[in-house]
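What the coordinates show
Listed below are the residues making up each chain.
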Amino acid sequence: MTSGIEITDTELKFTEFPSKETGIAKYCKSFRLKLNEIKLIGISPRLVLDDECIFILVINKSEIIHLISGHVMGTKGLENFEKYFGLASIQEEWNKFEYDDHYGKIDKIIYPKDSYWNDLFEKDWKLKIRSLYSWIKPKSFYGNLNKKNVG
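The structure reproduced in this document is the subject of the present report.

How each quantity is defined
- Residues numbered from 1 in each chain as written.
- Predicted model: local features only at pLDDT ≥ 70, side-chain atom pairs only at ≥ 80, totals over all residues.
- Heavy atoms only, no water.
- Helix = DSSP H or I, 4+ residues; strand = E, 2+ residues; numbered from the N terminus.
- Rg over C-alpha atoms; globule rule 2.2 N^0.38 Å.
- Buried < 20%, exposed > 50% of the residue type's maximum accessible area, 1.4 Å probe, protein only.
- Lys, Arg positive; Asp, Glu negative; His and termini not counted.
- Charge placed at Lys NZ, Arg CZ, Asp CG, Glu CD.
- Phe/Tyr/Trp six-rings, centres within 6.5 Å; stacked < 30°, edge-to-face > 60°.
- Patch = residues over 30% accessible without salt bridge, like charges linked within 9 Å, V, L, I, M, F, W, Y side chains within 5 Å.
- Areas by Shrake-Rupley, 256 points an atom, 1.4 Å probe, with all protein chains shown as cover.
- Salt bridge = Lys/Arg side-chain N within 4 Å of Asp/Glu carboxyl O.
- Disulfide = S-S within 2.5 Å.
- Arc of directions from axis to C-beta.
- Contact = heavy atoms within 4.5 Å.
- Polar contact = N/O pair within 3.5 Å; in protein donor to acceptor, adjacent residues only side chain to side chain.
- Pairing = 2+ DSSP bridges.

What follows concerns the overall build of the protein chain. A count of helices and strands for the protein chain gives 5 helices and 7 strands. Listing each helix as α and each strand as β along the protein chain from the N terminus yields β-β-α-β-β-β-β-α-α-β-α-α. Taken over the C-alpha trace, the protein chain has a radius of gyration of 14 Å; the compact-globule value for 151 residues is 15 Å, and the two agree within 12%. Looking at the 151 residues of the protein chain, the share that counts as buried comes to 48%. One way to put it: in the protein chain the 23 positive side-chain charges average out to a point 5 Å from where the 22 negative ones average out.

So, about the packing of aromatic side chains. Within the structure shown, the criterion is met by 8 aromatic pairs. Look at Phe14 and Phe31: their rings are 5.8 Å apart centre to centre, the planes differ by 35°, and that puts the pair in the tilted class. Of the two residues, Phe14 is situated in strand β2 (residues 11–15) and Phe31 in strand β3 (residues 31–34); the sequence distance between them amounts to 17 residues. Owing to a relative accessible area of 1%, Phe14 belongs among the buried residues under this scheme. Residue Phe31 is classed as buried on the basis of its relative accessible area, which comes to 10%.

This brings us to unusual backbone geometry. In this structure, Pro112 follows Tyr111 across a cis peptide bond, with omega equal to 5°. You can see Pro112 is positioned in the loop between β7 (108–111) and α4 (125–133). With a phi close to 65°, Glu63 is a non-glycine residue in the positive phi region. You can see Glu63 is positioned in the loop between β5 (51–60) and β6 (65–69). Judged by its relative accessible area of 27%, Glu63 falls in the partly exposed class.

A word on a nonpolar patch on the surface. A cluster of nonpolar side chains, contributed by Trp125, Ile129 and Tyr142, occupies part of the molecular surface with about 300 Å² of accessible area. Along the chain, Trp125 turns up in helix α4.

A word on the state of the cysteines. Across all of its chains, the model carries 0 disulfides by this definition. Note on Cys53: no disulfide assigned, nearest cysteine sulfur contributed by Cys28 at a separation of 8.9 Å.

Along α4, the residues classified as buried are Lys126, Leu127 and Arg130. What you see down the axis of α4 is that its buried residues fit within an arc of 95°, all on one side. For α4, the exposed residues set more than 90 degrees away from the buried face come down to Trp125, Lys128 and Leu132. On its buried face, α4 is in contact with β4 (38–48). The distance from a side-chain oxygen at the start of α4 to the backbone nitrogen of Lys126 is 3.2 Å, and the residue carrying that oxygen is Asp124.

This paragraph deals with the pairing of β5. When you tally the buried positions in β5, you get 8 out of 10 residues, the bulk of the element. In this structure, β4 lies alongside β5, joined through 10 bridges in antiparallel fashion. Its bridge partner lying in β5, Leu40 is registered against Ile59. In sequence, β4 turns back onto β5 through a hairpin of 2 residues, with Leu49 there showing a positive phi of about 60°. Of the pairings in the sheet, the one linking β5 to β6 comprises 5 bridges and is antiparallel in character. Counterpart to Val58 in the pairing with β6 is His66. Here β5 folds back onto β6, and the loop between the two strands holds 4 residues, one of which, Glu63, carries a positive phi near 65°.

Listed below in structure tokens is the structure:
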């Protein structure tokens, strides 16, 4: 079983990278989603200790967030994912962020195009709390999805 992203005609499949490879802080569980169930795709820059990393967030129609670790960067699976959804290079999108943006306070929508670069989460007290402890728990996506951008 190969770790990473696979796109079929009807499904997105993410196969986890082993935690011994990613570390517990960046470990993301495997999942499968029907392509027609995907509502949004976002990116979230984070710090793990002092290392910059990124998570890809795939949100289904039930507003459940599925995480993909940055370990997919540079893979054929990610390239196919970007092509299928008509995305710009996620690596290039990540390069738009500054070091200080990796403290859990910024999450941007990259799909669908009509919501491109809008905030995924509301800038409220939950987001402020999340930014305080994101360096301890970088996979935390505590917060309210921004209803005006999420729809």
